[in-house]
Amino acid sequence: MRFGPVPVDEAEGAILAHATAAGEKRLRKAHMVGAADIALLKEAGVREIVAAVLDPGDLGENEAATRIASAMTVSGVEAKPAATGRVNLHARAAGVFTVDKALIDAINAVDPSVTIATVAGYATVGKGQMVATVKIIPFAVPGDVIDRVVGLCRGREAFAVSPFRPRKLGLVQTMLPGVKDSVLDKTVRVTEARLARSGSRVVGERRTPHEAGRVAEAVTALARDSDIVVIFGASAMSDPDDVVPAAIRAAGGEVLRAGMPVDPGNLIVLGALDGKPVLGAPGCARSPKENGFDWVLDRLIADVPIAATDIAGMGVGGLLMEIPTRPQPREPVRSPAAAKVYAVVLAAGRSSRMGGPNKLLALFENKPLVRLTTERALASGSAGTVVVTGHQEERIRAALSGLGATTVRNADFASGLAGSLKAGIAALPADAAGALILLGDMPGVETADLDRLIAAFEAAGSASVVRATHGGKRGNPVLLPRSLFADVATLEGDTGARHIVEAEGLAVVDVEIGEGAAIDVDTPDAMRMAGGMLQD
């Protein structure tokens, strides 16, 4: 493949590197130039374009990505149609993701033009969740590169999602003097909530004294009608011969592992009785937050084998404490208003770097950019959307006509970003737990990206800052918890919320959403690159 300037007269069949105006027609990035396009370009006075010209034997980006995805042996995974050189693969059902890391590493080592990214091995995934993506970096790659990748895929399963199988769980809770019934009741509720993601349920519970013999009797009785038995000890396991492991042996079972290199979750016990798993739960499993117990329980429910050696290998990546980015099951009982997130679209700026036209009125998909951004916010899981106007307020309001979003004017829009942030936050209702701050000039941020940020906010207890990233670098949108609203009111000038976040020391959850987090359209060149058409 050759990449660079191409005379328009020689451009038929070339692939555009950038969006290009051909008179009134807009040719998008990655568009294959045809004879009619050449005529329009010449008529518009365009004599040269930047494009990719395929050599004999080259495969276009979509064809190459499709060939790789089709060659991979996968299970429980569905591939979506290729677009922009990418094939995304999604879980057909909720379950546990497994991957042949050596194979994926080998494919990624063939050529930098070919990449495959996946979620972590043994991650718990939801139905429809993207678990892997095949991405071709340039517009085309030599066919022999793809042939080498296809050859690697033969005879090996690249990855799979093992679906959850709803299980019946028996629950044993031991008691010591001073243990409150409320603690035991909450443990049942948290366990039921933890099982909900797999469709499993608690079918029986026994509460016994914290004595090996009595616990063994309860385990034996519950195992008759259960697929898995879980024991919550009133006192944490502190020795391989402590009450819980001793009870499993006394029932005629086997203790496979006592302890794991995952924190929280160190004090787990993995055993078996008559072919059925028996788990001694660590104390942290009484909390809905993710811990090592989840890793073991989910694999058992999904029929993914787990042995003592598997648990021994969980140490790298096993430090979970105080890492809010990890998904957490929700508390089973919560206020309906506790996690309401409202979107705030900042649309008051003067577009000063555009040299005249208002960037928010540029056309994307035949819609003004501010309308497209607001539609995506309204379609998200947010509880409502507020649009902050200022510069050319009447035109912005006209562009939003019929959407039903709340609009609020920032009279001080000329002074910078702070005024718009303050106006947007001040317009939120009293039940707002968080504010999802969207810049009006980011056409690459989709509704699904907004939903991922909201989900991460809820998973982190609705108290953390959630920030979109691209390639590990911070970007936008940003979701601010209610605890920062009062601090926003103190901002002045062209200042955002960044220094408040850093000063308050709140946990920050970074959510990778791709290049959309970094693309704004502040200049005419950036607008053209993004595929927008400025309006007078």
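Note: the structure precedes this text.
First things first, this report covers the structure right here in the doc. (Residues numbered from 1 in each chain as written. Predicted model: local features only at pLDDT ≥ 70, side-chain atom pairs only at ≥ 80, totals over all residues. Heavy atoms only, no water.)

### Remarks on the overall build of the protein
Assigned secondary structure in the protein consists of 16 helices and 30 strands. Dimensions of the protein along its principal axes, counting C-alpha atoms only, are 90 × 60 × 35 Å. Evaluated residue by residue, the protein yields a buried proportion of 47% over its 536 residues. About 24000 Å² of surface is accessible on the protein, with carbon and sulfur atoms providing 52% of the total. Charged side chains of the protein number 57 positive and 62 negative; the gap between the two group centres comes to 3 Å. (Helix = DSSP H or I, 4+ residues; strand = E, 2+ residues; numbered from the N terminus. Buried < 20%, exposed > 50% of the residue type's maximum accessible area, 1.4 Å probe, protein only. Areas by Shrake-Rupley, 256 points an atom, 1.4 Å probe, with all protein chains shown as cover. Lys, Arg positive; Asp, Glu negative; His and termini not counted. Charge placed at Lys NZ, Arg CZ, Asp CG, Glu CD.)

### Details of the environment of phenylalanine 164
Turning to its location among the elements, phenylalanine 164 is positioned in the loop between β15 (157–163) and β16 (168–175). Given a relative accessible area of 10%, phenylalanine 164 falls into the buried group. C-alpha of phenylalanine 164 to C-alpha of glycine 199: the two residues are 35 residues apart in sequence and 7.8 Å apart in space. Setting aside chain neighbours within four positions, we find phenylalanine 164 in contact with Ala94, Gly95, Val96, Thr124, Arg197, Ser198, Asp298, Ile301 and Ala302. (Contact = heavy atoms within 4.5 Å.)

### A look at a nonpolar patch on the surface
A contiguous nonpolar surface patch, about 250 Å² in accessible area, is contributed by Met1, Phe3 and Val50. Counting through the fold element by element, phenylalanine 3 comes out in strand β1 (residues 2–7). With relative accessibility at 51%, the residue phenylalanine 3 sits in the exposed group. (Patch = residues over 30% accessible without salt bridge, like charges linked within 9 Å, V, L, I, M, F, W, Y side chains within 5 Å. Salt bridge = Lys/Arg side-chain N within 4 Å of Asp/Glu carboxyl O.)

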